[in-house]
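Observations on chain architecture
Listed below, chain by chain, are the residues.
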Amino acid sequence: MELTILRFFENMRTTFVTAIASVFSLFGETIFLIALIALIYWIYDKNLGERLVIVSFTSMAVNGILKSAVARPRPFVNGGVSRVEIDLPILSTMDLNPLESFPSGHSQMGAGILFTAALHFKKTWAWIVFPLITLFVMLSRLYFGVHYPSDTLVGAAMGIAFAFFWHYIYEKTSDKCIYYLALVFSVISIVSIIVFPTENLVRLCACMVAASICWPLEKRYIGFENATCAKNRIFRAGIGLVCVGAVFGLFSYLPLAFLEHLAWKFVKYFLTLATGSLLVPYLFVKLKI
């Protein structure tokens with residue numbers, strides 16, 4: 001049944017449809033989403049950006065553990081369908097672990113972020129648009145031949161569950177409770193990379209740990225506020241992207257032996273997230289923008 005569905009999408013492949021699917025698949029790409037969430041955090045709504053960070057990385061920490069524990073081969077591994085080969089800086093189907101099909105991280109990440117946004121806006125249009133985009137994210141992974149339908153369904157369900165869980169926590173509990181829960185997920189992430197030392201889990205663990213440490217520090221010692229004018233938002237976006245890009249790009253100049261070591265990958269993503277959540281807000285306050 002699942003292979004029949006995948007072959008249906010395989011027969012639909014054209015250059016145009018691949019381009020459309022690539023756009024929707026970006027909603028599950030870590031680098032793209034870090035940039036998107038950062039911009040929301042810096043220039044639109046600090047609280048929403050904070051929630052998106054917590055939802056994304058707690059959800060994906062669990063996703064990474066399940067991927068490593070289940071180790072389900074992707075559809076193209078067994079020759080059931082072919083894979084759409086894309087290898088771009090912000091989107092690639094070529095660097096996927098062949099034994100990390102279940103559950104779909106793109107579906108889970110996309111659903112978590114988009115349903116968190118729907119819960120934030122509380123508008124009819126949001127409950128139409130964001131679930132629809134989630135569906136297209138799921139379908140894009142089937143179209144590419146990198147996930148089974150059950151992978152995307154379970155991934156999306158988990159993302160939605162995390163969105164509603166954290167919405168309840170933010171609405172009904174205190175900052176201290178949120179902080180302790182984030183720490184719990186950080187500990188789970190650290191234990192997971194000891195048991196399953198994969199690149200994907202190390203990257204997610206680094207982001208989760210950085211978020212749980214930097215969030216309370218920013219609230220206590222920096223406390224930047226939402227920008228109130230377009231000029232400040234433009235300045236914030238420019239400063240933030242330059243700072244984060246510089247830290248992330250700095251690791252490209254390290255010797256290859258360093259870059260391939262999982263410990264350095266942890267440092268890379270930890271410092272990138274810490275820069276965006278601590279250094280950049282500090283500059284906003286000092287520059288009064």
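Below: a short report on this structure. (Residues numbered from 1 in each chain as written. Predicted model: local features only at pLDDT ≥ 70, side-chain atom pairs only at ≥ 80, totals over all residues. Heavy atoms only, no water.)

1. Looking at the side chain of Ser 192
- With respect to the helices and strands, Ser 192 occurs in helix α8 (residues 175–195).
- Residue Ser 192 is classed as buried on the basis of its relative accessible area of 4%.
- A distance of 2.5 Å separates the side chain of Ser 192 from the backbone oxygen of Ser 189, its partner in a polar contact.
- With near-sequence residues (within four places) excluded, Ser 192 lies in contact with Ile 65, Pro 197 and Leu 201. (Helix = DSSP H or I, 4+ residues; strand = E, 2+ residues; numbered from the N terminus. Buried < 20%, exposed > 50% of the residue type's maximum accessible area, 1.4 Å probe, protein only. Polar contact = N/O pair within 3.5 Å; in protein donor to acceptor, adjacent residues only side chain to side chain. Contact = heavy atoms within 4.5 Å.)

2. A word on the environment of Lys 123
- Relative to the helices and strands, Lys 123 is located in the loop between α5 (105–121) and α6 (124–143).
- You can call Lys 123 partly exposed: its relative accessible area is 48%.
- Measuring from C-alpha to C-alpha, the distance between Lys 123 and Gly 80 comes to 41 Å, with 43 residues separating the pair along the chain.

3. Digging into the state of the cysteines
- One pass over the full model with this rule turns up zero disulfides.
- Here Cys 177 is not disulfide-linked; the sulfur of Cys 214 is the nearest cysteine sulfur, at 20 Å.
- Not part of a disulfide, Cys 229 finds its nearest cysteine sulfur in Cys 243, a span of 19 Å. (Disulfide = S-S within 2.5 Å.)

4. What about the layout of surface pockets?
- Of the pockets and cavities examined, the largest pocket occupies roughly 920 Å³.
- Taken together, 35 residues make up the lining of the largest pocket; nearest its centre are Glu 29, Thr 30, Asp 95, Glu 199 and Arg 203.
- Among the secondary structure elements, those contributing two or more residues to the lining of the largest pocket are α3 (30–44), α4 (46–70), α5, α9 (199–222) and α12 (262–287).
- For the lining of the largest pocket, a count of residues per class yields 14 nonpolar, ten polar and eleven charged.
- Empty space within the second largest pocket amounts to approximately 210 Å³.
- Along the walls of the second largest pocket sit Phe 9, Met 12, Val 17, Ile 20, Ala 21, Phe 24, Phe 136, Leu 139, Ser 140 and Tyr 143, which together make up its complete lining.
- Where the lining of the second largest pocket is concerned, the elements lending two or more residues are α2 (15–25) and α6.
- Classifying every residue of the lining of the second largest pocket gives nine nonpolar, one polar and no charged. (1 Å grid on protein atoms, 1.4 Å probe; cavity = no way out; pocket = protein on both sides within 12 Å on 5 of 7 lines; lining within 4 Å. Points joined across faces, edges and corners; volume = space filled by probe spheres on them. Nonpolar A, V, L, I, M, F, W, Y, C, P; charged D, E, K, R; others polar.)

5. Observations concerning the packing of aromatic side chains
- Taken as a whole and assessed by the stated rule, the structure comprises 20 aromatic pairs.
- Considering the side-chain rings of Tyr 44 and Phe 121, the 6.5 Å spacing of their centres and the 35° angle between planes classify their relative orientation as tilted. Separated by 77 residues along the polypeptide, Tyr 44 in helix α3 and Phe 121 in helix α5 bring together distant segments of the chain.
- For Tyr 44, a relative accessible area of 41% puts it in the partly exposed group.
- Overall, Phe 121 belongs to the partly exposed group, its relative accessible area being 24%. (Phe/Tyr/Trp six-rings, centres within 6.5 Å; stacked < 30°, edge-to-face > 60°.)

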